[in-house]
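If you want the building blocks of each chain, they are given just below.
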Amino acid sequence: MRVTSAKFIKSVAKGDQIILDNKPIVAFVGRSNVGKSSLLNYLTSSKKLAKTSSTPGRTRLINYFLINEDIYFVDLPGYGFAKGNKTENSKWDELMDPFFVNSKNLKLVCVLMDCRIKPTPLDYNMLTYLNYYQIPYIVVATKCDKLPKTKVKPAIQAMANELGLGVDNIFATSSNNLQGKIELLDKFDQFVEN
Ligand code: GTP
Ligand code: MG
């Protein structure tokens with residue numbers, strides 16, 4: 001797919017406010033600060049559609065963006081922001097459970113992981129959760145500009161081995177030096193019927 005239009009629709013703070021219409025959804029999830037909002041801006045060629053910040057935990061809401069008047073891209077709150085903080089963590093679960101369970105048109109979840117950082121226990125929890133609910137996902141390796149060019153492929157291979165996934169399910173991206181957009185958007189087509 002190519003993004004021709006993108007607009008912010010709404011932010012949701014409670015599970016009972018999630019959008020339940022028939023449009024397909026592609027969601028972006030991952031550790032706080034991994035680059036979800038930046039990736040959304042990069043994919044939609046806009047500088048400030050989704051708010052980015054160097055302060056982890058910036059996106060605490062579910063943010064819906066309508067793409068090409070037809071598909072939602074959804075920026076989900078980052079996990080792992082409040083290390084070991086049970087109240088914050090259960091708030092995250094309270095918001096995320098209804099999203100994952102009730103979004104019947106959730107076609108694909110992009111699980112973002114920093115290409116330089118080994119998958120964390122929270123990343124594994126996320127994948128286990130998605131497997132359990134049989135929600136299709138791919139892994140998006142972020143911030144690939146932070147590695148020397150020759151180290152990107154080995155890092156993706158290492159991530160695939162570590163996660164027990166095929167290397168074709170991991171996408172190398174950089175929102176800073178603009179890598180990986182076309183490959184990722186084309187992958188979405190396999191999951192979202194036009
Ligand atoms: P939360 O909303 O807190 O969960 O964070 P997020 O995952 O939305 O991360 P965000 O996009 O706000 O980016 C976090 C920080 O990483 C910002 O300082 C970004 O500029 C930086 N960043 C994001 N993507 C990239 C990238 O591809 N390369 C580099 N070098 N920095 C990036
Ligand atoms: Mg964000």
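Shown above is the structure to which this text applies.
Below is a short write-up of the structure. (Residues numbered from 1 in each chain as written. Chains lettered and ligands numbered in written order. Predicted model: local features only at pLDDT ≥ 70, side-chain atom pairs only at ≥ 80, totals over all residues. Heavy atoms only, no water.)

## Focus: the pattern of salt bridges
Okay, step 1: Overall, the coordinates contain 5 salt bridges when judged by the stated rule.
Okay, step 2: Across the pair Arg2 and Asp186 runs a salt bridge whose closest N-O atoms are separated by 3.1 Å. Separated by 184 residues along the polypeptide, Arg2 in the segment before strand E1 (6-12) and Asp186 in helix H5 (residues 181-191) bring together distant segments of the chain.
Okay, step 3: Look at Arg2 and you get partly exposed, because its relative accessible area is 47%.
Okay, step 4: Arg116 is the salt-bridge partner of Asp114, the closest N and O atoms lying 2.8 Å from each other. (Salt bridge = Lys/Arg side-chain N within 4 Å of Asp/Glu carboxyl O. Helix = DSSP H or I, 4+ residues; strand = E, 2+ residues; numbered from the N terminus. Buried < 20%, exposed > 50% of the residue type's maximum accessible area, 1.4 Å probe, protein only.)

## A short note on the environment of Lys153
Okay, step 1: Position of Lys153 relative to the elements: it lies in helix H4 (residues 149-163).
Okay, step 2: Looking at Lys153, the relative accessible area reads 72%, which means it is exposed.
Okay, step 3: In this structure the C-alpha to C-alpha distance between Lys153 and Val167, which are 14 residues apart in sequence, comes to 9.6 Å.

Function-wise, these values are silent; they only describe arrangement.
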